[in-house]
Amino acid sequence: MFSQSKVLVIDDDQSTLDILKFNLEKMGYACVISDKPKLTMDLAQKFDPDLFILDLIMPEISGIQLCHDIKANPLFKDRPVIFLTAAEQESDKLQAFESGAVDYIQKPFKVGELKVRIKNQLELYRNTKKLSELCNDMERLAEQRAKQLFHADRLATIGILAAGVAHEINNTTAFINGNVCTFDTFWKTIEPCLMANAGKDKEQDERLKFIINETPKLIECMKEGVKRISRIVEVLRAFYRKEEVAKIPFNLKKCIDMSLQMCGKMIRDRQITVKTEAKDTYVIGSAQQMEQVIVNLVVNGIDAMEKSQDPSLTVKLYSENNQAHVEVIDTGTGIPDDIIKKIWDPFFTTKETGKGTGLGLAIARSIVNDHGGEITVANCHGGGAKFKITLSLAK
Amino acid sequence: MEPAEKKRILDELGNIPEELYNELVDCFLADIPKKIEQLKTAIQNGNYKSIKAVSHGIKGVSANLRLDKLYELSRELELAGSNNEELAGIEKKFRIFLEAIDSFSFSWGRK
């Protein structure tokens, strides 16, 4: 619903004012009338009219002068001005339009026609205003999106770099791993030799004992470290690898475990309680891409709980009617009704500039759709949001 | 004024209440002696600008109130004023206008 339109009528003749006021108010407009043309600008400031109706020939100030004053005022220059006058010379009409008026109605006027003309001008004004607001919005949006694109581009570059770095680290890790394993077998030979040398110096014996005791643990630690590096690198590479949608059966439960592992640091840092209810469930497609989707939902959920007292994230996986369902439920702020439809739009984000690309959910939806599934969102009753992915079970 | 005619006028003015219309006509009639004085002086002095301005005002109100006869006559006076017509001719028009006013106020007085 629009707000009530406001009309200011200036005429030195009371009969015009009364007849107009009666009719305009009947049409549902707010109407202020005055027979003092000198007060026009003061009244405009107070009343903020959407439309002016002016008489042309008045003592003190002419309607033409008033129209010039209105058009010179930045606050009112866009408001339509209609002349309602008994002046009937061509030159009057011409002057009126030249001063910026949008319409010219001759007395004696027909009320029916007058009403329609006023209504049309108000509608035109409202639409023009809306258009210019939309135009401003679009400009702002374009600017915002340009920034986001730049950021997304940088992210993509980092992604490519990360894949390259991951490859390098993988190679280095491979030879560390090889050498650690070799050293492990060497140690089995070294250890008895060291013991053979014992018994000369008590202090040295103590140290030897310590070394013999600790070295196997050090080797195990190194092996574990190397394994961890390989795993992280593998996740990184998988995440950034661009692939056609594979058509391989995979276990959604593993995807969920992997995703939560990737978000492990965030979860620990923000002290989030994670509950999972998942059984082995197989679907067809790309495990890596589905991981990307789940990571996205998990990160969004965590971000939505930034100010939650007791942040808790629930991930459920179950099958029903030949379909697999993954639910990611947070206890955050939920999604306001006015934006819930927009969240799937590319570049739509509520995160501060630089934090979110606005691409996450758009990509998530396109991945799920590529898998022949669907992804939906709903707000939970007790606050928070629930994202749900539905995919066909592998046969 | 005939009831049928008045009804037509009220209708044309967007069904304004009859009391409002009566009030507006009363105001017009209360104001008219002053205007007539102004016109008389203007014609005597050959002040065309004033002839034009005063008759324009009368024209506007009679147009609004659908007093067609008065509208026509005041319109002629205004035109004569802006065309700088001969004063004798204007005075003649003015007299016809006065008669029309008299006859209207008489009929209006009886309502």
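Nothing here was measured: the structure is a model prediction, and the numbers come from that model.

Asks: What exactly am I supposed to notice about the sheet that holds strand S12 (residues 385–392) of chain A here?
Replies: Backbone-to-backbone hydrogen bonds join strands into a sheet, with any given pair of strands oriented parallel or antiparallel. All names here are of chain A. The 5 strands lie next to each other as S7-S9-S10-S12-S11, forming an open sheet whose pairing is mixed. Here the strands that pair on one side only, and so sit at the sheet edges, are strand S7 (273–278) and strand S11 (374–379). Geometrically, the sheet is characterised by an average inter-axis angle of 15 degrees between neighbouring strands, direction not taken into account. Where helix H9 (residues 287–304) meets the sheet, it contacts strand S9 (312–320), strand S10 (323–329) and S12, and its direction lies at approximately 25 degrees from that of S10.

Asks: Hey, could you run me through the nonpolar core in this one?
Replies: What tends to happen in soluble globular proteins is that the nonpolar side chains get buried as a cluster. Membership of the largest hydrophobic core comes to 57 residues, with the highest contact counts inside it found for Val7, Val9, Ile53, Leu54 and Ile82 of chain A. For this core, the element with the highest residue contribution is helix H2 (residues 18–45) of chain B, accounting for 7 residues. Setting aside residues up to four positions removed in sequence, Ile82 of chain A forms contacts with Leu51, Ile53, Ala101, Val102, Asp103, Ile105, Arg117, Ile118 and Gln121 of chain A.

Asks: Would you mind showing me how to read the sheet that holds strand S4 (residues 81–85) of chain A here?
Replies: Residue and element names in this part refer to chain A. With parallel pairing, 5 strands are arranged side by side in an open sheet as S2-S1-S3-S4-S5. Sheet topology places strand S2 (30–34) and strand S5 (103–106) at the edges, where each strand pairs with a single neighbour. Looking at each pair of strands side by side, their axes are set apart by 20 degrees on average, direction ignored. Pairing between strand S1 (residues 6–10) and S2: 5 bridges, direction parallel. Bridging from a neighbouring strand, Val9 pairs with Ile33 of S2. Along the sheet, helix H1 (residues 14–26) makes contact with S1, S2, strand S3 (51–54) and S4, crossing S2 at roughly 175 degrees.

Asks: Help me understand the packing of H9 of chain A against helix H10 (residues 360–370) of chain A, please; the structure alone is not making it clear to me.
Replies: For any two helices packed against each other, one specifies the inter-axial angle together with the distance between the axes. Residue and element names in this part refer to chain A. Closest axis-to-axis distance for the H9/H10 pair is 9 Å, and the angle between their directions is 145 degrees. For the crossing formed where H9 meets H10, the hand is left-handed. In contact with Gln289, Gln292, Val293, Asn296, Leu297 and Asn300 of H9, H10 contributes Gly360, Leu361, Ala364, Ile367 and Val368. Taken together, the residues of the contact of H9 with H10 break down into 6 nonpolar, 5 polar and no charged.

Asks: Explanation requested: the interface of chain A and chain B in the structure shown.
Replies: Accessible area lost on assembly of the parts is the figure often given for the size of an interface. In this assembly, 14 residues from chain A lie in contact with 18 residues from chain B. Looking at the side of chain A that touches chain B element by element, the count peaks at 8 residues for H1 of chain A. In the side of chain A that touches chain B, the residues fall into 6 nonpolar, 4 polar and 4 charged.

Asks: Just checking my understanding: could you explain the confidence of the model for chain B for this structure?
Replies: Segments scoring low in pLDDT should not have their predicted coordinates read at a detailed level. Confidence along chain B averages 93 in pLDDT terms, with 98% of residues attaining 70 or more. Scoring the predicted complex yields pTM 0.57 and, for the interface, ipTM 0.88.

Asks: It is not clear to me how the pairing of S3 of chain A should be interpreted in this structure. Could you clarify?
Replies: For a regular strand, the rule is simple: side chains alternate between the two faces of the sheet. Residue and element names in this part refer to chain A. Burial along S3 is two-sided: the residues Leu51 and Ile53 and Phe52 and Leu54 are all buried. Here S1 pairs with S3 via 4 bridges, running parallel. Residue Ile10 lies in a different strand from S3, and its bridge partner there is Leu54. Where S3 and S4 come together, 3 bridges link them in parallel fashion.

Conventions and cut-offs
Residues numbered from 1 in each chain as written. Chains lettered and ligands numbered in written order. Predicted model: local features only at pLDDT ≥ 70, side-chain atom pairs only at ≥ 80, totals over all residues. Pairing = 2+ DSSP bridges. Helix = DSSP H or I, 4+ residues; strand = E, 2+ residues; numbered from the N terminus. Axes fitted to C-alpha atoms, helices over the stretch in contact; angles between N-to-C directions. Contact = placed C-beta atoms within 7 Å. Core = buried A, V, L, I, M, F, W, Y, C linked by C-beta atoms within 7 Å. Buried ≥ 20, exposed ≤ 12 C-beta atoms within 10 Å, placed from the backbone. Left-handed = near helix turned anticlockwise from the far one by under 90°. Nonpolar A, V, L, I, M, F, W, Y, C, P; charged D, E, K, R; others polar. pLDDT = per-residue confidence, 0-100.

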